[in-house]
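Overview (structure and organization)
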Amino acid sequence: MKLKQLIALSLQYLESDAEINSSEYDVEDLINNDVFGEYIKNIESPIYSAIARYTSSLILPIQEIELKNKMTKLEFTRITVKNDEDNSERILNVKEKIFKKIKEVYALDSNYKIVHNVPYVLIGSKLIITNFNSNYTYFAVYFPNVMYLDNYRDNSQDIYDVDLAYLKVVDDNLGEVYVNIPDEMAINIKYMVYSELKMEDFAALANNNKNYFEAYLAQCKNDAQTQNYQDELIGIDYGDRYGYKENNNDSEGYGGIDTYVRYVEENNNNGNGGD
């Protein structure tokens, strides 16, 4: 969803009884409108507030980037925004981390086997792989940071043309860096917009809309935590922890991964395994 589409839909939500359907107009055409003009002047702030909440809550789709060296500074320096349709480019010097939190570093060995949970040290935006192997290909999986949206437009666009679902820049050192704000998340920003722009006139309705946004945010957090748990469970090497030995599922500990899975299932069925 482009920013101008989000703004138009938010305006229609703000004034659902208006004679003009704002979703049928470009933002530029509504700036001088008596009903919508004042909203447009103030709408960017609540939109950024909502995006900032998504970012800090670690619910945006995770991204990954290849780490080509033992030490990589996961920070923008000089970025290029390019329009693939007309090859228009815009070059910016920025200094912001690409991540809000690192989820994992993993590697592919020479046989393309995945090595999970590679040890690393993080100092500010500088990620250092502890036991770097030049024969491996390393990747950092992270929850993305979102820059000011104006940094994602090329010279042929204005800020209203920025596509929230496809925020892409090319950094001189890091290469292509992406952020994705899905349409479902984007459309729910309208509740934050309403809560901030209507607070003085309709405090009760504004608070209700704030609660709508918070409820959606809480659900996204819950979904993200469930997915994170599943990802981490898949990535665990039970061999080290439960005495599993290759071709021997009756080894010490819980008797190997198969026995451990049965143990978990039995305890869950008996009400001893949590939720």
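Structure first, text after, so check above.
The rules we used
- Residues numbered from 1 in each chain as written.
- Predicted model: local features only at pLDDT ≥ 70, side-chain atom pairs only at ≥ 80, totals over all residues.
- Heavy atoms only, no water.
- Helix = DSSP H or I, 4+ residues; strand = E, 2+ residues; numbered from the N terminus.
- Buried < 20%, exposed > 50% of the residue type's maximum accessible area, 1.4 Å probe, protein only.
- Contact = heavy atoms within 4.5 Å.
- Pairing = 2+ DSSP bridges.
- Salt bridge = Lys/Arg side-chain N within 4 Å of Asp/Glu carboxyl O.
- Axes fitted to C-alpha atoms, helices over the stretch in contact; angles between N-to-C directions.
- Expected span 1.5 Å × (residues − 1).

1. Section: the environment of V169
With respect to the helices, strands and loops of the structure, V169 is situated in strand β10 (residues 167-171). A residue is classified by how much of its surface remains accessible, and V169, at 1% relative accessible area, is buried. Put simply, V169 and I79 are 90 residues apart on the chain and 6.2 Å apart in space, counted from C-alpha to C-alpha. When sequence neighbours within four positions are dropped, the list of residues in contact with V169 reads F76, I79, T80, V81, M147, N151, Y152, G175, E176 and V177.

2. Quick notes on the sheet that holds strand β6 (residues 114-115)
Pairing is antiparallel in the open sheet, where 4 strands are placed in the order β1-β9-β5-β6. Two strands lie at the open edges of the sheet, namely β1 (63-67) and β6, each paired on one side alone. Two elements, strand β5 (residues 99-108) and strand β9 (residues 137-144), share 8 bridges in a ladder whose sense is antiparallel. Across the sheet, residue E104 finds its bridge partner in β9, namely V141.

3. What about the pattern of salt bridges?
Per the counting criterion, the structure on display carries 9 salt bridges. One salt bridge in this structure joins E214 and R53, with 2.8 Å as the shortest N-O distance. With E214 in helix α7 (residues 203-235) and R53 in helix α4 (residues 44-56), this pair connects stretches of sequence that are 161 residues apart. Of the residues examined, R53 reaches a relative accessible area of 27% and is grouped as partly exposed. With its nearest N and O atoms 3.1 Å apart, the salt bridge here joins D172 to R78. In this pair, D172 sits in the loop between β10 and β11 (175-179) while R78 sits in strand β3 (residues 78-82), placing the two residues 94 residues apart along the sequence. Several salt bridges converge on common partners, so that one network encompasses R90, D150 and R153.

4. As for the sheet that holds β11
What the 4 strands build is an open sheet, ordered β4-β3-β10-β11; its pairing is antiparallel. Two strands lie at the open edges of the sheet, namely β4 (89-93) and β11, each paired on one side alone. Within this sheet the neighbouring strands show an average axis-to-axis angle of 30°, counted without direction. Pairing of β10 with β11 involves 5 bridges; the strand directions are antiparallel. Among the inter-strand pairings, V169 is bridged to a residue of β11, identified as V177.

5. Quick look at the environment of V177
With respect to the helices, strands and loops of the structure, V177 is situated in strand β11. Residue classification places V177 among the buried residues on the basis of a relative accessible area of 4%. For the pair V177 and P144, spaced 33 residues apart in sequence, the C-alpha separation works out to 9.4 Å. Ignoring anything within four residues of it in the chain, the contact list for V177 reads I65, F76, I98, Y142, L167, K168 and V169.

6. What about helix α1 (residues 3-14)?
With 12 residues, α1 extends 16 Å between its outermost C-alpha atoms, agreeing within 8% with the 16 Å of an ideal straight helix rising 1.5 Å per residue. Within the sequence span of α1, burial applies to L3, L6, I7, A8, S10, L11, Q12 and L14. At its buried positions, α1 is contacted by α2 (27-30), α3 (37-42), α4, α5 (183-187) and α6 (189-197).

7. Describing α6
Among the 9 residues of α6, 7 are classified as buried, and the element is accordingly described as predominantly covered. Taken together, the buried positions of α6 are occupied by I189, K190, Y191, M192, V193, Y194 and S195.

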